[in-house]
Amino acid sequence: MEFRDLKSQYEALKKDIDEGIQEVLTSGQFIGGPVVKKLEEDLARYVGRKHCISCGNGTDALFLVLKAWGIGKGDCVFVPDFTFFASAEVISAVGASPIFVDVDKDTFNISLDSLKLAFETVLQEGVLNPKAVISVDLFGLPADYKALEPFCQQRGLRLLEDSAQGFSGAIEDRRAGSFGDAATTSFFPAKPLGCYGDGGAIFTDDDDLANLVRSLAVHGKGKEKYDNVRIGYNSRLDAMQAAILKVKFNALVEYETTCIQQAARRYDDLLEGVVKTPTIPEGLVSAWAQYSILCQSQEDRDAIKAALKAEGIPSMVYYPKGMHQQTAFLANSRNPVSLENSIDLTERVLSLPISPYIEEEDQTKVVEIIRETLHG
Ligand SMILES: *Cc1c(COP(=O)(O)O)cnc(C)c1O
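Reading guide: rules and limits
- Residues numbered from 1 in each chain as written.
- Predicted model: local features only at pLDDT ≥ 70, side-chain atom pairs only at ≥ 80, totals over all residues.
- Heavy atoms only, no water.
- Phe/Tyr/Trp six-rings, centres within 6.5 Å; stacked < 30°, edge-to-face > 60°.
- Helix = DSSP H or I, 4+ residues; strand = E, 2+ residues; numbered from the N terminus.
- Patch = residues over 30% accessible without salt bridge, like charges linked within 9 Å, V, L, I, M, F, W, Y side chains within 5 Å.
- Areas by Shrake-Rupley, 256 points an atom, 1.4 Å probe, with all protein chains shown as cover.
- Salt bridge = Lys/Arg side-chain N within 4 Å of Asp/Glu carboxyl O.
- Buried < 20%, exposed > 50% of the residue type's maximum accessible area, 1.4 Å probe, protein only.
- Core = buried A, V, L, I, M, F, W, Y, C linked by side-chain atoms within 4.5 Å.
- Contact = heavy atoms within 4.5 Å.
- Near = heavy atom within 4 Å.
- Polar contact = N/O pair within 3.5 Å; in protein donor to acceptor, adjacent residues only side chain to side chain.

**Side note on the packing of aromatic side chains**
Link 1 in the chain: Counting across every chain of the model gives 22 aromatic pairs.
Link 2 in the chain: Geometrically, the ring pair formed by Phe-85 and Phe-329 is tilted, given 5.2 Å between the ring centres and 45° between the ring planes. On the criterion of sequence distance, the pair formed by Phe-85 in helix H4 (residues 85-93) and Phe-329 in helix H10 (residues 327-330) is long-range, its members being 244 residues apart.
Link 3 in the chain: Judged by centre distance (5.1 Å) and plane angle (65°), the ring pair of Phe-100 and Phe-329 falls under edge-to-face. Of this pair, Phe-100 sits in strand E3 (residues 97-101) while Phe-329 sits in helix H10, placing them 229 residues apart in sequence.

Shown next as structure tokens:
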């Protein structure tokens, strides 16, 4: 069994993907160009944002936005403690200080209460300038934007939606990638919309931000490529990845989202009363980047993981450490608030195999092993 079944996906889409790659090879245009431009337009329309700017990967996407906002030394950015390292890494990479915030114990996303407390504490200390919040659509579930957007607006904080795991998720009629002042996603192969290498994108309605990010991503270009008006970076999506994404995006829209919702519901049903299944608040749609259960104890979690492994079934602990526990952050980590939910989750979460292509019998088998492990 695959953890994220990219092989079955390729089998299903092989003809179109191979053709798309072949067309790029024949065209001779490998970086940027019409295939990339068309993809950006399609993704912007789907997400419901004016601009989509593709770039090298999801980490660069976050970094470029922080850079474009001029965030740096002396500034701080709030980020959930329970996330993939990149969400917090980029804050340090631009020279600012990450402030780790606790997460909600049910949705696993950034807790507004904890954010409020962290913000007020930082203000009182008067050392760092609070500039932005990076919220994460963890495991595919959009964060609580109905609360986050007004909170950030009232306090003059910019809101950056890290939707690396969230593409195709939604809150009512608004899609993931359309929240806050800007949003980013990743096309890393195992993400809800993945390519066959690295790739990422930024979504925004802000014309100035879009122009600045485009410039920063291509060596600080001005009106033309060889007119460089600022120091920038090299972070672009190549045409082959865009051709692959085009096919995968069509599949995502046409049937993959439906299939993965069905798979998640199947796990929900099979696991009822066995372990705590994901909480999806009313009106929210998860992209199901992960299907993560919450076990009663670390011992249970580790026993289930071992039992699955013994049957050749992969499962993953996303994430075994909170940001404040990461070695890279130990020296200059700032955590003014309790991170107890985050710590608790690191000990008890377990992500199960899921993809639009998972077979019902595989899910039944996974759940049987979990049942047997817990009840003997
Ligand atoms: C994957 C991921 C990223 C980084 O994306 P890359 O394309 O791998 O650079 C950032 N944030 C979160 C939450 C992620 O899951």
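Following the structure, the description resumes.
**Observations concerning a nonpolar patch on the surface**
Link 1 in the chain: On the surface, a nonpolar cluster with roughly 270 Å² of combined accessible area is contributed by Leu-25, Phe-30 and Ile-31.
Link 2 in the chain: Positionally, Phe-30 belongs in the loop between helix H1 (6-27) and helix H2 (34-47).
Link 3 in the chain: The class of Phe-30 is partly exposed, set by a relative accessible area of 38%.

**Points about the nonpolar core**
Considering soluble globular proteins, one finds that nonpolar side chains tend to be buried as a cluster.
Link 1 in the chain: Formed by 56 residues in total, the largest nonpolar core has its most connected members in Leu-66, Trp-69, Phe-78 and Ile-134.
Link 2 in the chain: At 7 residues, the largest contribution of residues to this core is made by helix H3 (residues 58-68).
Link 3 in the chain: Discounting residues that sit within four places of it in the chain, Leu-66 has contacts with Ile-71, Val-90, Ile-91, Val-94, Ile-134 and Leu-160.
Link 4 in the chain: By size, the runner-up hydrophobic cluster in this structure holds 23 residues, among which are Tyr-267, Tyr-291, Leu-350 and Ile-370.

**Points about the site of the ligand**
Link 1 in the chain: In the vicinity of the ligand there are 14 residues, among which Gly-58, Thr-59, Gln-165, Ser-186 and Lys-191 approach most closely.
Link 2 in the chain: Within the contact set of the ligand, an oxygen atom lies 2.5 Å away from a side-chain nitrogen or oxygen of Thr-59.
Link 3 in the chain: At 2.7 Å, a side-chain N or O of Lys-191 approaches an oxygen atom of the ligand.
Link 4 in the chain: Notes on the ligand: free accessible area 380 Å², of which the protein chains cover 93%.
Link 5 in the chain: Of all the secondary-structure elements, those providing two or more residues to the shell around the ligand are H3 and H4.

Any functional reading would require information that these geometric values do not contain.
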